[in-house]
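Each chain is listed here by its residues.
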Amino acid sequence: MAHDFNRRSFTSLLAGALLAGTGGASAVARASGQSGAAAPQDQHDMSNAPEVWSGTEHIYMLAYPGMTALDLVGPQYMFSSLMGARVEMVAKSRDPVTSDTGLVLIPDRVFDDLPSELTVIFAPGGTAGTLAALRDPETVEFLGAAGACADYITSVCTGSLLLGKAGLLEGYKATSHWLTLGALPSFGATPQEERVVMDRNRITGAGVSAGLDFGLSMVGQFRNPDYAETVQLLCEYAPAPPFNAGSPATAKDHQIEMLGTMFEGFVQSVIKEA
């Protein structure tokens, strides 16, 4: 089907889809804590959108108590920009899930709702919450089952340790938060010091903020670079941090040492769970 459109019309139509909400429970439901709240109505005419803009991806994003909220929220924004995609949060129960910063999320599904086919399974990270999830047989079993039916197996931050615990990273290159990068070999993975690592259908992001890079990379993977660039423009993702200490390569030695000491016990505990 031929379509006459330019970058401006692309941005306008895509913005309409994003502002209307495209995946999972509505933004209203999550903000209010009430599931089933009515989604805002789309005020944009999407009839002219090329067929290649829309897909049928089904994306499951794991939520568990004590996870780092931004590990999930950044990628969730990007996944939800995929027109036609179905993006859902899945948890052990339908109870609200409280993140490590106190942000409360409402799951769409529970572990027993696993479909026979899935496009993406995603695991966020954290510290104490991730360690508890590593020790929870039901969470690990769910990830293993989801990985067996998903086209893409993905994570951000220490979520890669959960994938490893479920046996999903054996023989794959992967990344994690820099503090736990050295733990990946214990889970059968080959660590890579990169923001986003793609090894066949295993796609992992580094710590926290790398979730935006991860999510945008996935948008480009499922659509095309122009689509992904338009999403980037819409969310004004043009990083210019006020400080330059976002990785061990640029941080001061005493800062690296302080965090290394602070989380040494966590890292050792994680390795014991491999």
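Details of the structure are given in the entry above.
Described below are features of the structure shown in this document. Everything quoted here is computed from the prediction, not taken from an experiment. (Residues numbered from 1 in each chain as written. Predicted model: local features only at pLDDT ≥ 70, side-chain atom pairs only at ≥ 80, totals over all residues. Heavy atoms only, no water.)

1. Here we look at the environment of Ser160
This is how the line gets drawn: Runs of H or I in DSSP of at least four residues are treated as helices and runs of E of at least two as strands, each being numbered from the N terminus. Using a 1.4 Å probe on the protein chains alone, a residue whose accessible area is under 20% of its type maximum counts as buried, one over 50% counts as exposed, and one in between counts as partly exposed. Note on contacts: a residue pair qualifies if any of its non-hydrogen atoms lie within 4.5 Å across the two residues. In protein, a polar contact means a hydrogen-donor-capable atom and an acceptor-capable atom, both N or O and within 3.5 Å, with residues adjacent in sequence counting only if both atoms are side-chain atoms; elsewhere, any N or O pair within 3.5 Å suffices.
Secondary-structure assignment places Ser160 in helix H6 (residues 159-165). Judged by relative accessible area, Ser160 falls into the buried class, the value being 0%. For the pair Ser160 and Leu184, spaced 24 residues apart in the sequence, the C-alpha separation amounts to 8.0 Å. Setting aside its immediate chain neighbours within four residues, Ser160 contacts Ser155, Leu169, Thr175, Ser176, Leu184 and Thr204. A polar contact of 3.3 Å, which involves the side chain of Ser160, links it to the side chain of Ser176.

2. Some details on the packing of aromatic side chains
Let me state the cut-off plainly: For Phe, Tyr and Trp, rings pair up if their centres lie within 6.5 Å, where Trp contributes its six-membered ring, and each pair is then called stacked (planes under 30 degrees apart), edge-to-face (over 60) or tilted (otherwise). Remark: a charge is flagged as sitting over a ring if the NZ atom of Lys or the CZ atom of Arg is within 6 Å of the ring centre and within 35 degrees of the ring normal.
Taken as a whole and judged by the stated rule, the model has 5 aromatic pairs. Ring geometry for Phe122 against Phe214: centres 5.5 Å apart, planes inclined by 35°, an arrangement best described as tilted. Of this pair, Phe122 sits in strand S6 (residues 118-123) while Phe214 is found in helix H7 (residues 210-222), placing the two residues 92 residues apart along the sequence. As far as burial versus exposure is concerned, Phe122 and Phe214 are alike and both buried. Every member of this aromatic cluster is reached through a ring pair, and the members are Phe79, Phe122 and Phe214. Against the face of Tyr172 rests Arg200, its NZ or CZ located 4.1 Å from the ring centre. Positioned above the aromatic ring of Tyr227, the side-chain terminus of Arg223 is 5.8 Å from the ring centre.

3. Observations regarding helix H3 (residues 69-80)
This is how it is decided: Under the convention used throughout, the expected extent of a helix is 1.5 Å for every residue step, that is, one less than its residue count.
For H3, spanning 12 residues, the distance from its first C-alpha to its last is 16 Å, which sits close to the expected 16 Å at 1.5 Å a residue. Most of H3 sits inside the fold, with 9 of its 12 residues counted as buried. Buried residues of H3: Ala69, Asp71, Leu72, Gly74, Pro75, Gln76, Met78, Phe79 and Ser80, and no others.

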